[in-house]
Amino acid sequence: MQKSIYQKSLIPLAIGALAFLASCSDNHFEEINEDPNRPGNATTTTILLSAEKQLIDNIRNENSSLRGTQLFAQYYSQNIYSDQSRYDIPRSYSDTYWSNAYKALNNLNEIIILNTDPAKKDVAAAGVAGTNANQIAIARILKAYAFQGLTDVFGNVPYQSYGNQDPEFQALQQTPENLSPGYASQQKIYQDILNELKAAGDTLIKYKTANTFGNYDVIYKGKNELWAKFANSLRLRIATRIRTKLPAESNAHFEDALAKGVFTSNADNAVFKYQALAPNEAPLYRATVTANRKDFAVSHVLINVLKGELGTVKVQDPRLPIYATKNAAGEYVGQPYGLPVAAAGLLTATDVSLPGAAVNAAGYGEVLQEYAEVSFLISEYKNWDQQAYINGVTASLQKWGVAPADITAYVAALPKADKANVLNQKYLALYTQGDEAWSEIRRTGYPTFLVKSGDVVWRRTANGQTTDYKFQPLFGEGVPLRLYYPPKEQSVNLANYQNAVKAQGNDDITTSLWWNK
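Owing to the predicted nature of the structure, the values given are computational and were not obtained by experimental measurement. (Residues numbered from 1 in each chain as written. Predicted model: local features only at pLDDT ≥ 70, side-chain atom pairs only at ≥ 80, totals over all residues. Heavy atoms only, no water.)

Colleague: What exactly am I supposed to notice about the overall build of the protein chain here?
Modeller: Of the regular secondary structure elements, the protein chain holds 20 helices and eight strands. Each of the 517 residues in the protein chain was classed as buried or not, and the buried ones make up 58%. Long-range pairs, those at least 24 residues apart, make up 75% of the contacts in the protein chain between residues at least 6 apart in sequence. Accessible surface, the protein chain: about 19,600 Å² in total, of which carbon and sulfur atoms supply 52%. Distance from the positive charge centre (49 side chains) to the negative charge centre (49 side chains) of the protein chain: 2 Å. (Helix = DSSP H or I, 4+ residues; strand = E, 2+ residues; numbered from the N terminus. Buried < 20%, exposed > 50% of the residue type's maximum accessible area, 1.4 Å probe, protein only. Contact = heavy atoms within 4.5 Å. Areas by Shrake-Rupley, 256 points an atom, 1.4 Å probe, with all protein chains shown as cover. Lys, Arg positive; Asp, Glu negative; His and termini not counted. Charge placed at Lys NZ, Arg CZ, Asp CG, Glu CD.)

In structure tokens, the structure reads:
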């Protein structure tokens, strides 16, 4: 019987074709030899390494990120081809994101299976892998992260829990009758991943001095204490997202996470660092340098904010030369966002600012979550706390290597903390993290300086004539509220797809998610 995407193990592909070993000295990968015809011999360490790369490759890939969330957040703007920035989203993007997310989830679930099977768990805990309980805890954290990404993109999705054995939560369970899993509601998913993170974090706090997975773990090099902080910091993010829907539950998790320990500096950041050698370069580098394309320029929105010409900070942001490059004329010029196709190519790649060298590096470290975001979450929770706001801005500037004197000058120019100012700075700090920025824009409605339908995005004068180009979405009236379900769900899982649509609303980009209604 053919296995569904929710069951299919990608270990042979991951280990046979893309098996990597993190070096303890340079944080890079090295290829290891593994017999692709004997996937049953794969260790939990190599499965974790493959799963981490699958997960980050997917959320930051060219379609879902560069042609999706980075455009929705208006960090980037397309030249030549501009349909995606006007919200004509190919349904194939959903297929790719969905399939690859469940491939990573299946590999993470395999770690849990190997660590709970009485016949295999002793072998799973051998060597540098660490105890069964700690391996399971880290897999649960990454699963929670992946499932939050899935539900924030689509809404109701097939879901699998470790701690909750509700039949509705067993989408990855490898049984013949589970070929067409039901979709769990977003509310239930959010509530369960909060509990998953709490349980996993508590386990790792108990054994915080232990090391799990060692250097096979690219994100934290197996440091339990940092994984525990990550679990609790994610709880802040998730609890904030549902505060208007479930305020008591949100506050309880927020307070518990704070008490148990969250990120307190950039040293705690959860980062997956890529390698400067093929085929393991960062997604943006592969989409631009490797592919020899310059489709993605920095948007005029972001450039104008960083120059102090838009928004509430009226001085130049020291992150400008890091986030973007100068054009051929030696100036910072953003690509007008969402131009019609007829105008999109009138400005060439040499006329506008492309992503900065640090952002577009082959060995770039993609951020899962960072201290700056945690500080902004705390500021919001404490009714726009000034010190947490300053901490967040400072952390972002420090992460990007801004000189101390420039940090001091910029912080001195900041307006006082309030909803708009905190969320504007959070938006700037989330640059390159399009998935989270898009979710925050949907949740809060900020920043308000983003381009809206009917806004003039470019005034061009040529041959004595001036033309105003306005932003006109091809679908909907504003930022997409979700993506379409993958078309193949309608062929392989029709009844459950129909139930999800009935419960959630029309399968289009204008339907609000549960936490956003």
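Colleague: Got a minute to help me understand unusual backbone geometry in this structure?
Modeller: Note: most peptide bonds trans; most residues except glycine with negative phi. Put simply, Ala-278 and Pro-279 share a cis peptide bond, and its omega is 5 degrees. Position of Pro-279 relative to the elements: it lies in the loop between strand E4 (270-273) and helix H10 (283-290). Its identity as a non-glycine residue notwithstanding, Ile-80 has a phi of 75 degrees, on the positive side. Along the chain, the position of Ile-80 falls in the loop between strand E3 (76-78) and helix H4 (91-116). We classify Ile-80 as partly exposed; its relative accessible area is 46%. For Thr-432, which is not glycine, the phi dihedral falls at a positive 85 degrees. Mapped onto the elements of the fold, Thr-432 is located in the loop between helix H17 (419-429) and helix H18 (434-444). By relative accessible area, Thr-432 is classed as buried at 3%.

Colleague: Would you mind showing me how to read the nonpolar core here?
Modeller: Note that soluble globular proteins tend to have their nonpolar side chains buried in a common cluster. Ranked by size, the top nonpolar core spans 148 residues in total, and within it Leu-150 and Phe-230 carry the most contacts. Looking at which element gives the most residues to this core, the answer is helix H6 (residues 132-154), with 13 residues. In this structure Leu-150 touches Tyr-97, Trp-98, Ala-101, Tyr-102, Leu-105, Gly-155 and Val-157, once residues within four positions along its chain are discounted. (Core = buried A, V, L, I, M, F, W, Y, C linked by side-chain atoms within 4.5 Å.)

Colleague: I keep staring at the environment of Ala-270 and nothing clicks. Help me out?
Modeller: Among the secondary structure elements, Ala-270 is positioned in strand E4. Separated by 100 residues in the primary sequence, Ala-270 and Glu-370 have C-alpha atoms spaced 6.2 Å apart. The residues touching Ala-270, leaving out its near neighbours within four places in the chain, are Ile-219, Tyr-220, Phe-230, Phe-263, Glu-366, Val-367, Leu-368 and Gln-369.

Colleague: Even after reading the chapter, I still don't get helix H16 (residues 404-412), so can you show me in this structure?
Modeller: Each turn of an α-helix holds 3.6 residues, which means side chains three or four residues apart point in the same direction. Inspection of H16 places Ile-407, Tyr-410 and Val-411 among the buried residues, and these make up the whole buried set. The arc that holds the buried residues of H16, viewed along the axis, is 95 degrees, so those residues lie on one side. Counted as exposed and oriented over 90 degrees from the buried face of H16: Ala-405, Thr-408 and Ala-412. At its buried positions, H16 is contacted by helix H15 (386-399) and H17. (Arc of directions from axis to C-beta.)

Colleague: Any chance you could explain the environment of Leu-71 here in plain terms?
Modeller: By secondary structure assignment, the location of Leu-71 is in helix H3 (residues 62-72). Classification of Leu-71 as buried rests on a relative accessible area of 0%. Measuring from C-alpha to C-alpha, the distance between Leu-71 and Tyr-87 comes to 9.0 Å, with 16 residues separating the pair along the chain. Excluding its chain neighbours within four sequence positions, the residues that come into contact with Leu-71 are Ser-65, Leu-66, Tyr-76, Ser-77, Gln-78, Gln-84, Ser-85 and Tyr-337.

Colleague: Honestly, empty space enclosed by the protein in this entry has me stumped. Any pointers?
Modeller: Empty space among the atoms can be located by rolling a probe the size of a water molecule over them. Evaluated as defined, the whole model comprises four cavities of 30 Å³ or more. The space that makes up the largest cavity amounts to roughly 210 Å³. When contributions to the lining of the largest cavity are tallied by element, the ones reaching two or more residues are H3, H6, helix H8 (224-241) and H18. Here the residues of the lining of the largest cavity are counted per class, giving seven nonpolar, five polar and six charged. (1 Å grid on protein atoms, 1.4 Å probe; cavity = no way out; pocket = protein on both sides within 12 Å on 5 of 7 lines; lining within 4 Å. Points joined across faces, edges and corners; volume = space filled by probe spheres on them. Nonpolar A, V, L, I, M, F, W, Y, C, P; charged D, E, K, R; others polar.)

Colleague: I'm lost on the pairing of strand E8 (residues 465-470) in this one. Help?
Modeller: Side-chain direction in a regular strand flips from residue to residue, so the side chains alternate between the two faces of the sheet. Note: strand E7 (residues 456-462) against E8, six bridges, orientation antiparallel. What sits directly across from Val-456, in E8, is Lys-470. From the end of E7 to the start of E8, which pair antiparallel, there are two residues, and Asn-463 there has a positive phi angle of about 55 degrees. (Pairing = 2+ DSSP bridges.)

Colleague: What's the story with the pattern of salt bridges in this structure? I'm lost.
Modeller: Any two side chains of opposite charge can pair, given that their charged atoms come close. Applying the stated rule across the entire model yields 27 salt bridges. In this structure, Arg-67 engages Asp-295 in a salt bridge whose closest nitrogen and oxygen atoms are separated by 3.3 Å. With a gap of 228 residues between them, Arg-67 in helix H3 and Asp-295 in the loop between H10 and strand E5 (296-298) connect regions that are remote in the sequence. A salt bridge links Glu-436 to Arg-237, with the shortest nitrogen-to-oxygen separation between them at 3.5 Å. Pair noted here: Glu-436 is in helix H18 and Arg-237 is in helix H8, with a separation of 199 residues, a long-range link. The exposure class of Glu-436 is buried, given its relative accessible area of 5%. Connected through shared salt-bridge partners, Asp-152, Arg-237, Arg-241, Glu-373, Glu-380, Lys-426, Glu-436, Glu-440 and Arg-443 make up one network. (Salt bridge = Lys/Arg side-chain N within 4 Å of Asp/Glu carboxyl O.)

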